[in-house]
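# Tertiary structure, described
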Amino acid sequence: MLNNIQSIDPGKPDQASGDDKVAPAAAAPAAPDKALVAKATKAAVEFESFFISHMLHQMRESTRTIAPDDSPTKDKVNQDMTDMVDNMLAGNMAHQRAFGVADAILRQILPAPLNKTS
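Residues numbered from 1 in each chain as written. Predicted model: local features only at pLDDT ≥ 70, side-chain atom pairs only at ≥ 80, totals over all residues. Heavy atoms only, no water.

### Some points on the pattern of salt bridges
- Within this structure, the stated rule accounts for seven salt bridges.
- When the shortest N-O distance is used, the salt bridge between R60 and D86 registers 2.9 Å. Residue R60 is found in helix α1 (residues 34-66), and its partner D86 is found in helix α2 (residues 76-95); the two are separated by 26 residues along the sequence.
- With a shortest N-O distance of 2.9 Å, D103 and R97 are connected by a salt bridge.
- Residues joined in a network through salt bridges with shared partners are E61, R64 and D83. (Salt bridge = Lys/Arg side-chain N within 4 Å of Asp/Glu carboxyl O. Helix = DSSP H or I, 4+ residues; strand = E, 2+ residues; numbered from the N terminus.)

Okay, here's the thing in C-alpha cells:
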C-alpha cells in the first residue's frame, strides 16, 4: 500500500483504492432495545417513588417535631404505620407519575422517539 502512492486531487474525494476507503459513519446510533427502555422506565419510576417518599417523611418529621408531647403522632407504633402508608402512597403516586420526575429523567436519558412519557 505504501509503494502504491499516487497523487491525490483534493477536488476528487473518492480517489482512494478499494483497500484504502473508509466506511461511512452510521447516520444515527442504534436505538436501545425494549428491555433497556423498560429498565430505564422502572428505575426512573423507582427514583420518583424514593423522592416522594423522602418528601413525605420530611413532612411527617416536621409535624412530629412541632406536635405536643402527648400527641398520637409521637407514638412509635403510629410512626411506623404512617411511614409504611407514606411509602405505599409514594409508590402509587410514582406509578401515576404524579410529580413528573420520572418523565423528566426519561426525557434526559432516552432518545426522542423512545421517551414516550405518559
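### Here's the deal with the packing of α1 against α2
- Taken N-terminus to C-terminus, the directions of α1 and α2 make an angle of 145°; their axes are 8 Å apart at the nearest point. The crossing of α1 and α2 is right-handed. In contact with V45, E48, S49, I52, S53, L56, H57, R60 and R64 of α1, α2 contributes Q79, T82, D83, D86, N87, L89, A90, G91, M93, A94 and H95. (Axes fitted to C-alpha atoms, helices over the stretch in contact; angles between N-to-C directions. Left-handed = near helix turned anticlockwise from the far one by under 90°. Contact = heavy atoms within 4.5 Å.)

### Details of the nonpolar core
- Residues V37, A40, A44, V45, A94, A102, L106 and L110 constitute the largest nonpolar core, which totals eight residues.
- If you list the elements that add at least two residues to this core, you get α1 and α3 (101-109).
- With four residues, the top contributor of residues to this core is α1. (Core = buried A, V, L, I, M, F, W, Y, C linked by side-chain atoms within 4.5 Å. Buried < 20%, exposed > 50% of the residue type's maximum accessible area, 1.4 Å probe, protein only.)

### Description of the packing of α1 against α3
- Here α1 crosses α3 at 140°, and the two axes come no closer than 8 Å. Put simply, α1 runs oblique to α3. For the pair α1 and α3, the sense of crossing is right-handed. Here α1 contributes A40, T41, A44, V45, F47, E48 and F51 to the contact with α3, which in turn contributes V101, A102, I105, L106 and I109.
- A class-by-class count of the residues in the contact of α1 with α3 yields 10 nonpolar, one polar and one charged. (Parallel < 35°, antiparallel > 145°, perpendicular 65-115°, else oblique. Nonpolar A, V, L, I, M, F, W, Y, C, P; charged D, E, K, R; others polar.)

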